[in-house]
Amino acid sequence: MISTLAPGSQLFLANLNRIEQQLSQANAQISSGKKLTVASDDPGRVAALLQLRTDEQQNQQIEANMKLANATASAADSALSGASELMDTAVQVAIQGANAMQTAQTRQSMAQQVQGLLQEMEAYSQTQMQGSYVFCGAQSQSPANQVVPSAADGASDSGGTADAADQAAVAAASQRIQDPAGGSFSASKTAKEIFNDTNSDGTPATDNTFAALNSLLTALESNDQTGIANSIDTLQQAANHLNNMDAFYGTVETRIQDATTFATSYDAQLQTEISGI
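Report follows, based on the coordinates. Please read these numbers as outputs of a predicted model, since none were measured by experiment.

### Describing the overall build of the protein
A tally of regular secondary structure across the protein gives seven helices and four strands. Each helix and strand of the protein, ordered N terminal to C terminal, gives the series α-α-α-β-β-α-β-β-α-α-α. The long-range share in the protein, meaning contacts at least 24 apart out of those at least 6 apart in sequence, stands at 68%. By element, 51% of the accessible surface of the protein is carried by carbon and sulfur atoms, the whole surface being about 14,800 Å².

Given below as structure tokens:
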């Protein structure tokens, strides 16, 4: 339809309509507290808003991951504290057993005590938290190492030394936590690394917890005073190794707490930036 309005009147109406739209947009921004209510308000800000939303979601996921990792590290810390106490008990048993006044009968009784310590240590190595194995890293649905004491090494899947597949499993099971400040950090050790440490050739290391306990057990059962005395050093090395692993998890807990504090602050910053768009 052909307009009967003069050009000047049409221009006036067009300007009036534009002013009304601007007023409507301003009112919407005032009521929402946001400068951007729909994409057409400021297309240039849309990309920035989407990036902030993405950063916010990623940061919140990292926070959730760290919450679970902190609970896992706490469970590991508790288990290793108990394991360290077991090793201290084993050292005392070895010292008593090495005494020349002990008899074959009393050493058999001590052997039964050490057998119980082995079983408790195995239970610690398979500690679970919310249905997942703590000392298995990313492979948390099954134990990293089914401990079966043997005369060979005290703990091995096959009763012998570790092979390449065992070493690969350790590497695959490692777990890293993303740091909201950037990068990532190691957050776990496997049962094999902690309780059944091996040399590069797969033989038990001198700080191998199960090997040390099994050596003491064998010596006590054999009434071997010299063997019992010799086991004291490896037991102490294994105890020191467990203490070091416990300290590792203590450091992890501190690192997670620091990262959580950063993530909380960063989340607040992102929300402020989002609300300003």
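### Considering the packing of aromatic side chains
A full pass over the atoms with the stated rule returns five aromatic pairs. Ring centres 5.7 Å apart and planes at 75° place the aromatic pair Phe135 and Phe195 in the edge-to-face group. With Phe135 in the loop between β2 (132–133) and α4 (164–173) and Phe195 in helix α5 (residues 191–195), this pair connects stretches of sequence that are 60 residues apart. Pair check on accessibility: Phe135 and Phe195 agree, each one buried. Here the aromatic rings of Phe248 and Tyr249 are separated by 5.2 Å at their centres, their planes lie at 85°, and the arrangement is edge-to-face. With respect to class, Phe248 is no different from Tyr249; both count as buried. Connected via pairs of aromatic rings, a cluster forms that spans Phe135, Phe195, Phe210, Phe248 and Tyr249. Positioned over the ring face of Phe248 is Lys189, at 4.9 Å from the centre of the ring.

### Quick look at the packing of helix α3 (residues 104–125) against helix α6 (residues 209–221)
Relative orientation of the contacting elements α3 and α6 amounts to 160°, with a least axis distance of 8 Å. Relative to α6, α3 is oriented roughly antiparallel. For the crossing formed where α3 meets α6, the hand is left-handed. On α6, the residues touching Arg107, Gln108, Met110, Ala111, Val114, Gln115, Leu118, Met121, Glu122 and Ser125 of α3 are Thr209, Phe210, Leu213, Asn214, Leu216, Leu217, Leu220 and Glu221. Split into classes, the residues belonging to the contact of α3 with α6 amount to 10 nonpolar, five polar and three charged.

### Some thoughts on the nonpolar core
Residues Met121, Phe135, Phe195 and Leu235 are the most contacted members of the largest nonpolar core, which totals 51 residues. Every element with two or more residues in this core is listed here: α2 (43–97), α3, α5, α6 and α7 (225–275). Among the elements that make up this core, the one with the highest residue count is α2 (15 residues). Beyond its immediate stretch of four places on either side in the chain, Phe195 contacts Leu80, Ala83, Met121, Tyr124, Ser125, Phe135, Asn208, Thr209, Phe210 and Leu242.

### Here's the deal with the side chain of Glu56
Following the sequence through the fold, Glu56 ends up in helix α2. Taking the relative accessible area as the measure of exposure, Glu56 reaches 11% and is therefore buried. Ignoring anything within four residues of it in the chain, the contact list for Glu56 reads Asp267, Leu270, Gln271 and Ile274.

Reading guide: rules and limits
Residues numbered from 1 in each chain as written. Predicted model: local features only at pLDDT ≥ 70, side-chain atom pairs only at ≥ 80, totals over all residues. Heavy atoms only, no water. Helix = DSSP H or I, 4+ residues; strand = E, 2+ residues; numbered from the N terminus. Contact = heavy atoms within 4.5 Å. Areas by Shrake-Rupley, 256 points an atom, 1.4 Å probe, with all protein chains shown as cover. Phe/Tyr/Trp six-rings, centres within 6.5 Å; stacked < 30°, edge-to-face > 60°. Buried < 20%, exposed > 50% of the residue type's maximum accessible area, 1.4 Å probe, protein only. Lys NZ or Arg CZ within 6 Å of the ring centre and 35° of its normal. Axes fitted to C-alpha atoms, helices over the stretch in contact; angles between N-to-C directions. Parallel < 35°, antiparallel > 145°, perpendicular 65-115°, else oblique. Left-handed = near helix turned anticlockwise from the far one by under 90°. Nonpolar A, V, L, I, M, F, W, Y, C, P; charged D, E, K, R; others polar. Core = buried A, V, L, I, M, F, W, Y, C linked by side-chain atoms within 4.5 Å.

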